[in-house]
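So the chains spell out like this:
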Amino acid sequence: MNVQTQIFAMPASDRITQTTQAAERFVDQYYRAITRGGAGKYYTDASKVVWNGTGMGGAQFKQQVLSQLGRENPPLSHFDVHALDVHPLGDAQMLVTVGGLCRNAGKKTQFSQTLVVEKAGTLSYVVSDCFRLV
């Protein structure tokens, strides 16, 4: 029995629980990495990103946006996730929607982010990312 057959053979509640736990782990690691300058590992050159209304590929995003996040004045210092929703997309992908507050130098700004995350072996990477400061 292959992995896809195993996942779809599970009761729906088990698939949802498993996907939710994976999303919670991913979100925790991702936002910790983004504030420390290490989020580039979650993007490939093929990743598609819309960052505050500007579309770009993964390589451009890593070079132009992620490399500057810690250097912004003031830098993004922390993300507080207030809402998390996840939906499994087949056997290896999940749609993750996140909302909350990001803090920079004491100022709090709302954000919304929708990611399609794919698991490849033990690694997870972003296929598609739409981030917006609200």
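Residues numbered from 1 in each chain as written. Predicted model: local features only at pLDDT ≥ 70, side-chain atom pairs only at ≥ 80, totals over all residues. Heavy atoms only, no water.

1. Let's talk about the overall build of the protein
Then step 1. Across its full length, the protein holds three helices and six strands.
Then step 2. Each helix and strand of the protein, placed in order from N terminus to C terminus, yields the pattern α-α-β-β-α-β-β-β-β.
Then step 3. Once local pairs closer than 6 in sequence are excluded, the contacts in the protein between residues at least 24 apart make up 43%.
Then step 4. For the protein, the computed accessible surface area is about 7,700 Å², with 51% contributed by carbon and sulfur atoms. (Helix = DSSP H or I, 4+ residues; strand = E, 2+ residues; numbered from the N terminus. Contact = heavy atoms within 4.5 Å. Areas by Shrake-Rupley, 256 points an atom, 1.4 Å probe, with all protein chains shown as cover.)

2. With respect to the packing of aromatic side chains
Aromatic rings in a pair are described by how distant their centres are and how their planes are angled relative to each other.
Then step 1. Inspection of the entire model under this criterion finds 13 aromatic pairs.
Then step 2. Of the aromatic side chains, those joined through ring pairs into one cluster are F26, Y30, Y31, Y42, Y43, W51, F61, F79, F111 and F131. (Phe/Tyr/Trp six-rings, centres within 6.5 Å; stacked < 30°, edge-to-face > 60°.)

3. Topic: the confidence of the model for the protein
Then step 1. With 85% of its residues at a pLDDT of 70 or more, the protein has an overall mean of 85.
Then step 2. Here residues 1-5 scores under 50 on pLDDT; set against residues more than four positions off or in separate chains, the count is two contacts. (pLDDT = per-residue confidence, 0-100.)

4. Some remarks on the pattern of salt bridges
Then step 1. Taken as a whole and assessed by the stated rule, the structure comprises three salt bridges.
Then step 2. R103 is the salt-bridge partner of D80, the closest N and O atoms lying 3.3 Å from each other. A residue pair is termed long-range when its members are at least 10 positions apart, and D80 in strand 3 (residues 78-89) and R103 in strand 4 (residues 93-104) qualify at 23 residues.
Then step 3. Here R103 falls in the partly exposed class, since its relative accessible area comes to 28%. (Salt bridge = Lys/Arg side-chain N within 4 Å of Asp/Glu carboxyl O. Buried < 20%, exposed > 50% of the residue type's maximum accessible area, 1.4 Å probe, protein only.)

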